[in-house]
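What the coordinates show
Residue-level listing of the chains:
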Amino acid sequence: MQTKSTFIPKIIGHRGAAGHAPENTLASMHKAADLGVEWVEFDTKITKDGAVIVFHDDKLERITGVKGDVAKTALKEIQTFDAGAWFGEEFTGERVATLEQAIQVLADHGLGANIEIKPSPRLARKTGRAVVDVLIRAWPETLPKPLVSSFNVQTLETVRDEAPDLARALLVFKIPRNWQALLNNLGCVALHVQAKHLTAKKVGVVKDAGYALRAYTVNESAEAEKLFGWGVDAVISDYPDRIMVL
Ligand code: G3P
Ligand code: MG
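In this text the structure is predicted, and so the values were computed from the model without any measurement.

With that out of the way, let us pick up the packing of aromatic side chains. Going through the model one piece at a time under the given rule, you end up with five aromatic pairs. Measuring from ring centre to ring centre gives 6.2 Å for Phe-151 and Tyr-216, while their planes differ by 85°; the resulting arrangement is edge-to-face. Remark: Tyr-216 occurs in strand β8 (residues 212–216) and Phe-151 occurs in the loop between β5 (147–150) and α6 (153–162); sequence separation between them is 65 residues. Accessibility expressed as a relative area gives 30% for Phe-151, which makes it partly exposed. A relative accessible area of 9% means that Tyr-216 is categorised as buried. If you follow Lys-10 out to its NZ or CZ, it ends over the ring of Phe-228, 4.2 Å from the centre. A cation over a ring is seen here: Arg-242 above Tyr-239, with NZ or CZ 3.6 Å from the ring centre.

Here is the structure:
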């Protein structure tokens, strides 16, 4: 197993605080900090010109209203699109953030981050390299070391090879049969699983093997309480404020 990562709190804001502000925007990071969250999760991918942006979908349309693929659109053009109006009028004018802009906001608030790498099709390795490059160049000493996660095994292999010391988590929906071999091979310290696919027994098996286990996306405190009771280390939530009252 890999060296131990930094302490990670029990509640992590999902895409910033996506229940309260447009997901993955700087407004969403600010909101998470305002709520008292200590760590946020957000998604990253690359533009046509290889810039790393904070964005979930391969397609631009759901968030910006513009048809097209992130991977086929240059950063400059993406930055002209509105990324907040879809969520609420008061967020009109919010832009798609670069990873570097997000890091600056994290630094301003002292927020830790689980940086999910979500490569567009056929860009698994290139996206992994691009994110690592930014993190090596721009991650501030003042923040806890980030945790990188991905559903994409090739991406995690790339991160492992390029930056072995960067803590990694494998993201899955259900826990696959070969989960332990995967974590071992990728040098991951944690497994991040969709909450509805967890049982007390499954949590126990992963925890007994010495890995951290986190669950997404958990938006009700009763569910969080159940998961914590099973030994889940943290939950990733659109409404971290609902869970923090526990
Ligand atoms: O990292 C946990 C969660 O964000 C994974 O799913 O689709 O919300 O990025 P998704
Ligand atoms: Mg995500």
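Now for the pairing of strand β7 (residues 190–194). Burial within β7 is extensive, with four of its five residues counted as buried. Of the strand pairs in this sheet, strand β6 (residues 167–172) and β7 are connected by four bridges, and their pairing is parallel. Pairing of Leu-170 across the sheet is with Leu-191, part of β7. Pairing of β7 with β8 involves five bridges; the strand directions are parallel. From the neighbouring strand, Leu-191 faces β8, where its bridge partner is Leu-213. Traced from β7 through helix α8 (residues 200–208) to β8, the parallel crossover comes out right-handed.

Close contacts around ligand 1 come from His-14, Arg-15, Glu-41, Asp-43, His-56, Glu-116, Lys-118, Phe-151, Leu-171 and Tyr-216, and that covers them all. Between an oxygen atom of ligand 1 and a side-chain N or O atom of Glu-41, the distance comes to 2.6 Å. The side chain of Glu-116 places a nitrogen or oxygen atom 2.9 Å from an oxygen atom of ligand 1. With the chains in place, 92% of the 290 Å² that ligand 1 exposes on its own is no longer accessible. For the shell around ligand 1, the residue count by class is three nonpolar, two polar and five charged.

Coordination of the magnesium ion (ligand 2) by the protein comes from Glu-41 (OE), Asp-43 (OD) and Glu-116 (OE), over a distance range of 2.0 to 2.1 Å. Mapping the donors of the magnesium ion (ligand 2) onto the primary sequence yields the spacing E-x1-D-x72-E. Taken together, the residues span a long stretch of sequence, with Glu-41 in strand β2 (residues 39–46) and Glu-116 in strand β4 (residues 112–117) at a distance of 75 residues. Each of the two residues, Glu-41 as well as Glu-116, counts as buried.

This next bit is on the pattern of salt bridges. Taken as a whole, this structure holds 14 salt bridges when the rule is applied. The closest approach of N and O atoms between Arg-160 and Asp-161, which form a salt bridge, is 2.8 Å. Relative accessible area serves as the criterion here: at 21%, Arg-160 is assigned to the partly exposed category. Connected via shared salt-bridge partners are Arg-15, Glu-23, Asp-43, Asp-57 and Arg-62.

Calculation rules
- Residues numbered from 1 in each chain as written.
- Chains lettered and ligands numbered in written order.
- Predicted model: local features only at pLDDT ≥ 70, side-chain atom pairs only at ≥ 80, totals over all residues.
- Heavy atoms only, no water.
- Phe/Tyr/Trp six-rings, centres within 6.5 Å; stacked < 30°, edge-to-face > 60°.
- Helix = DSSP H or I, 4+ residues; strand = E, 2+ residues; numbered from the N terminus.
- Buried < 20%, exposed > 50% of the residue type's maximum accessible area, 1.4 Å probe, protein only.
- Lys NZ or Arg CZ within 6 Å of the ring centre and 35° of its normal.
- Pairing = 2+ DSSP bridges.
- Right-handed = clockwise from strand over helix to strand, strands pointing away.
- Near = heavy atom within 4 Å.
- Polar contact = N/O pair within 3.5 Å; in protein donor to acceptor, adjacent residues only side chain to side chain.
- Areas by Shrake-Rupley, 256 points an atom, 1.4 Å probe, with all protein chains shown as cover.
- Nonpolar A, V, L, I, M, F, W, Y, C, P; charged D, E, K, R; others polar.
- Donors = N, O, S within 2.8 Å, 3.2 Å for Na, K, Ca; no water.
- Salt bridge = Lys/Arg side-chain N within 4 Å of Asp/Glu carboxyl O.

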